[in-house]
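Next come the chains, spelled out residue by residue.
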Amino acid sequence: MTHASTPHSAPHDFDAIRPYHDDEVASVLDRLAHCDELLDAITHFRLPRLARHAPPVARFLARLGLQREMRNIESVAAFQQRIARYMARMIATTTDGFEIEGLEHLDADKAYLFIGNHRDIALDPAFVNYALYQKGRNTVRIAIGDNLLQKPFVNDLMRLNKSFIVPRSAKGKRAMLQAYQTLSRYIRHSITVDNHSIWIAEREGRAKDGIDRADTAIVKMLGMAQRMDDGEADIGAAVAELRLVPVSISYEYDPCDLQKARELHARHTEGSYEKVEFEDIQSIVAGITGHKGRIRLTFGTPLSRDFDTPEAVTQEIDRQVLANYHMFPSHQLALEASGLAPELVDLSEVTDADRQRFETRLASVPEQLRYWWLRQYANPILNRAGHVEEDA
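The shown structure was predicted, so the numbers you read here are calculated from the model rather than taken from an experiment. (Residues numbered from 1 in each chain as written. Predicted model: local features only at pLDDT ≥ 70, side-chain atom pairs only at ≥ 80, totals over all residues. Heavy atoms only, no water.)

### Thoughts on a nonpolar patch on the surface
Together, V57, F60, L61 and L64 give the surface a local cluster of nonpolar side chains, amounting to about 340 Å² of exposed area. Within the secondary structure layout, F60 lies in helix α4 (residues 55-69). (Patch = residues over 30% accessible without salt bridge, like charges linked within 9 Å, V, L, I, M, F, W, Y side chains within 5 Å. Areas by Shrake-Rupley, 256 points an atom, 1.4 Å probe, with all protein chains shown as cover. Salt bridge = Lys/Arg side-chain N within 4 Å of Asp/Glu carboxyl O. Helix = DSSP H or I, 4+ residues; strand = E, 2+ residues; numbered from the N terminus.)

### Describing the environment of C256
Turning to its location among the elements, C256 is positioned in the loop between β6 (244-251) and α11 (257-270). Sequence spacing of C256 and V239 is 17 residues, and the spatial spacing of their C-alpha atoms is 33 Å. Non-local contacts of C256, meaning those with residues more than four positions away in its chain, are made with R206, S283, A286 and G287. (Contact = heavy atoms within 4.5 Å.)

### Re the pattern of salt bridges
Per the counting criterion, the structure on display carries 30 salt bridges. Across the pair R119 and D212 runs a salt bridge whose closest N-O atoms are separated by 2.7 Å. Linking R119 in the loop between β2 (113-116) and α6 (123-134) with D212 in the loop between β5 (198-201) and α9 (216-230), this pair joins segments that are 93 residues apart in sequence. Overall, R119 belongs to the buried group, its relative accessible area being 8%. Taking the relative accessible area as the measure of exposure, D212 reaches 2% and is therefore buried. Note that E316 and R319 form a salt bridge whose closest N and O atoms lie 2.9 Å from each other. Here E316 pairs with R319, and both are found in helix α13 (residues 310-324), just three residues apart, close to one helical turn. Overlapping salt bridges, with partners in common, bring together D13, R185, R188, D229, D230 and E241 in one network. (Buried < 20%, exposed > 50% of the residue type's maximum accessible area, 1.4 Å probe, protein only.)

### Structural notes on helix α7 (residues 152-160)
Considered for burial, the residues of α7 that qualify are F153, V154, N155, D156, R159 and L160. On the buried face of α7, the contacting elements are α1 (25-33), α2 (36-46), α5 (76-94), β4 (163-166) and α12 (279-289).

### Digging into the nonpolar core
Residues L113 and I187 are the most contacted members of the largest nonpolar core, which totals 56 residues. Not counting the four nearest positions on each side in its chain, I187 is found in contact with L113, F164, I198, I200, M221, L222 and L242. F98, V128, I142 and I295 belong to the second largest nonpolar core, which has 27 residues in total. (Core = buried A, V, L, I, M, F, W, Y, C linked by side-chain atoms within 4.5 Å.)

### Side note on the packing of aromatic side chains
Using the criterion set out here, one finds 11 aromatic pairs in the structure. Consider the rings of F358 and W373, whose centres lie 5.7 Å apart with planes at 50°: the pair is tilted. Here F358 is found in helix α15 (residues 352-363), whereas its partner W373 is found in helix α16 (residues 370-384), with 15 residues between them in sequence. What makes F358 buried here is its relative accessible area of 3%. The exposure class assigned to W373 is buried, which follows from its relative accessible area of 1%. (Phe/Tyr/Trp six-rings, centres within 6.5 Å; stacked < 30°, edge-to-face > 60°.)

### A few points about empty space enclosed by the protein
In total, this model carries two cavities of 30 Å³ or more according to the counting rule given. If you add up the space inside the largest cavity, you get close to 100 Å³. Forming the boundary of the largest cavity are R119, A207, K208, G210, Y251, D254, D257, K260, Y325, H331, Q376 and Y377. Those elements that place two or more of their residues in the lining of the largest cavity are α11 and α16. Here the lining of the largest cavity is composed, by residue class, of four nonpolar, three polar and five charged. (1 Å grid on protein atoms, 1.4 Å probe; cavity = no way out; pocket = protein on both sides within 12 Å on 5 of 7 lines; lining within 4 Å. Points joined across faces, edges and corners; volume = space filled by probe spheres on them. Nonpolar A, V, L, I, M, F, W, Y, C, P; charged D, E, K, R; others polar.)

Put into structure tokens, the structure is as follows:
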């Protein structure tokens, strides 16, 4: 989903974290076609019965299918154009509509640092990319945590799709500082030298409780490169140089809402939650295949130099993300069902069909998880009004 090749313009000290270049695509695709772990994952979803009874045969068929699918892909652009076909099919089959707002106000020839609220591991940046692709614009380089790249084939797939690595597993303060300095310099280089846009989540991890708040540590990281390279410590100048644009994505329904409610319940009742192996991969699959209702993606306004502190930048990101977040009937009905703030409930656009769909979905949620399930949808309204409670 791109209209430009990935250039060899980044310095070599970014090699460990950058996306793959065009001349690396063929060898990476060949590696993937011979990766038994990837082939087994494909057969698990596409050929489950054959995978159980004749794993070698299933794996062979999966390899043939993968090689056929990847034939004639010799660049990152070609790989993303293939992904675009799947995105179009996914939107047609698992959503009731995808709307884009605000992109027309951004210069098509300039790179931006898109910083977005985070609800779905893979789809949040994928929808940003698809919006850009539909308008004939170059797609973004996507920040992805190294905790999601523990499988080599996942690392390969993500970096083929223009992802770059955010270090979350570095050990020790010095190693972490160095890793984030490199990350900051890479983001600055991408925007100011390559003229290539970036997408990064406003905080580490998804907002499982529906409360969107940017992390000031992310903003501080973004300013590191200018301070290192130019001796400039002005955060306002740094975010203006990066053309930082807050982005809001709102899903009418979250395919992972039940799993998120289960995690929130466990953290509240037991004090912690332990992920099962490959849970993040399962969440990615569920997000892609599950029904999402309507989706609204809104691009905000680039931040100016008029910010003196990282905290002020964070507040502006929060202001734009919340102001541009679209409240669907699911949000209003969840707030009504929670009974938390009746005065904020607005049912003016809720139809009988909306209510029936909501009540059917709520009925499938176990009783002990309903409070947490409802809060995911109610909290955006409460957050905008400044009514979010600490236990959420």
